[in-house]
Amino acid sequence: MSTLKIVEFRPEGMGFFMRYLRTLSERKGWGWVFEVHPEFSLELLKGASAAKVEPSLSPQVLSYLKVLPTQVRAVEVVDSLFQEEGSWYPRLLLHESMRSVLVSNARDLDIRAPAFVVGDNEAARVVSAVLVEMGIADIYLIGDVEKLQLQKDILTRSQLGIRFHILPMEDLTLQSVSAGIVVNVVDLSQQKSLLTDLSYFNFMKGTGYALDLNLFPTHNLLLEEAERADLRVLHPVLVAEVLTSLWLERLKVATEVSKQEIHESWKQFLQENPA
């Protein structure tokens, strides 16, 4: 097969997903070439087959694109670009991945109960949109009030009839609404007080679900506490494995890697990269 070039646009340098793809390419002998750039530019896409985009760069990317799929247009977030018929087409694969995990692993999710989304960035916006698509009409957004107002304004424009509630982090322990699911997108290793408040789970139903989208640190304290509280836990690697499958499909190498191989390769990658 011809060598593929994959570009990542990310201010902080190569992300964990690209590092995983690079490791997989080396293991399979594909010889893919990887480039990382802090800012987006169409010029930097020359010769590439795909690009991974840090969601915070979405405004830069979307300003260059005319055709947007419904998911991208609704939440104004893009996380990947793929060549389709000679043009660059934006995708929001986090949305597809998370929805697939919930459909497969949380079939009895109580969609009549509210959902809690912890985080005030673009990923939180994507998570909220997925939960709306699952049928949940009451969503509590937890984080910085000013940042959350922006997320709420964008969500409200596309998610008609859905009730989005802004909740400051310090008010979390005061809630008793019996949520059916809590999804975290925040690095809690840097926010000990928030982790402590979340760990009470006083806002959750006894049969609720807890999903953390952070692959690192691999020792996930939030999900440990969720298990102690008898909640049903969804580990972030489930989402990462589906995301991998979607990427490999679009790069036309999906037939070369089984789902079991993806599972084992992620397990090994996380063991070798615990931080």
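Conventions used here
- Residues numbered from 1 in each chain as written.
- Predicted model: local features only at pLDDT ≥ 70, side-chain atom pairs only at ≥ 80, totals over all residues.
- Heavy atoms only, no water.
- Helix = DSSP H or I, 4+ residues; strand = E, 2+ residues; numbered from the N terminus.
- Rg over C-alpha atoms; globule rule 2.2 N^0.38 Å.
- Buried < 20%, exposed > 50% of the residue type's maximum accessible area, 1.4 Å probe, protein only.
- Contact = heavy atoms within 4.5 Å.
- Areas by Shrake-Rupley, 256 points an atom, 1.4 Å probe, with all protein chains shown as cover.
- Lys, Arg positive; Asp, Glu negative; His and termini not counted.
- Charge placed at Lys NZ, Arg CZ, Asp CG, Glu CD.
- Salt bridge = Lys/Arg side-chain N within 4 Å of Asp/Glu carboxyl O.
- Core = buried A, V, L, I, M, F, W, Y, C linked by side-chain atoms within 4.5 Å.
- Axes fitted to C-alpha atoms, helices over the stretch in contact; angles between N-to-C directions.
- Parallel < 35°, antiparallel > 145°, perpendicular 65-115°, else oblique.
- Left-handed = near helix turned anticlockwise from the far one by under 90°.

**Student:** In this structure, what is going on with the overall build of the chain? I would like to understand it.
**Tutor:** In terms of regular secondary structure, the chain is built from ten helices and eleven strands. The C-alpha radius of gyration computed for the chain amounts to 19 Å, which stays within 12% of the reference 19 Å derived for 275 residues, consistent with globular compactness. Viewed in the frame of its principal axes, the chain has a C-alpha envelope of about 55 × 40 × 30 Å. By the burial criterion, 51% of the 275 residues in the chain qualify as buried. Put simply, 71% of the contacts in the chain that link residues at least 6 apart link residues at least 24 apart. Of the roughly 12,800 Å² of accessible surface on the chain, 49% is carried by carbon and sulfur atoms. Charge centroids of the chain, computed over 27 positive and 36 negative side chains, lie 5 Å from each other.

**Student:** Would you explain the pattern of salt bridges in this entry?
**Tutor:** Oppositely charged side chains are able to pair whenever their charged atoms sit close together. All told, the structure shown has 15 salt bridges when counted by the stated rule. Lysine 5 is the partner of glutamate 35 in a salt bridge, and the nearest nitrogen-oxygen pair spans 3.3 Å. In this pair, glutamate 35 sits in strand S2 (residues 33-37) while lysine 5 sits in strand S1 (residues 5-9), placing the two residues 30 residues apart along the sequence. Judged by its relative accessible area of 27%, glutamate 35 falls in the partly exposed class.

**Student:** Sorry, what's going on with the nonpolar core here?
**Tutor:** In this structure, Phe9, Leu81, Met98, Leu102, Leu131, Ile139 and Ile181 are the most contacted members of the largest nonpolar core, which totals 49 residues. Take this core: its biggest share by element is nine residues, from helix H5 (residues 122-134). Among residues more than four places away in sequence, those in contact with leucine 131 are Met98, Leu102, Ala115, Val117, Ile136, Ile139, Ile181 and Val183. Core analysis: the next-biggest nonpolar cluster, separate from the first, contains 27 residues, Phe17, Met18, Val253 and Trp266 among them.

**Student:** Please clarify how unusual backbone geometry should be interpreted in this entry.
**Tutor:** A negative phi angle is the norm for most residues apart from glycine, just as the trans form is the norm for most peptide bonds. The amide bond that connects phenylalanine 216 to the next residue, proline 217, takes the cis arrangement and shows omega of 0°. Note that proline 217 resides in the loop between strand S10 (204-212) and helix H8 (221-228). Phi is positive for glutamate 85, close to 55°, though the residue is something other than glycine. Note that glutamate 85 resides in the loop between strand S4 (80-84) and strand S5 (87-91). The phi angle at lysine 252 is positive, at roughly 65°, despite the residue not being glycine. Looking at the secondary structure, you find lysine 252 in the loop between helix H9 (236-250) and helix H10 (259-272). The class of lysine 252 is exposed, set by a relative accessible area of 71%.

**Student:** Before we go on, may I ask you to explain the packing of H9 against H10 in this structure?
**Tutor:** Between H9 and H10, the shortest axis-to-axis distance is 10 Å and the interhelical angle comes to 125°. As the angle between them shows, H9 and H10 are arranged oblique. As H9 packs across H10, the resulting crossing turns out to be right-handed. Between H9 and H10, the contacting residues are Val237, Ala240, Glu241, Thr244, Ser245 and Leu248 on the first element and Ile262, His263, Trp266 and Leu270 on the second.

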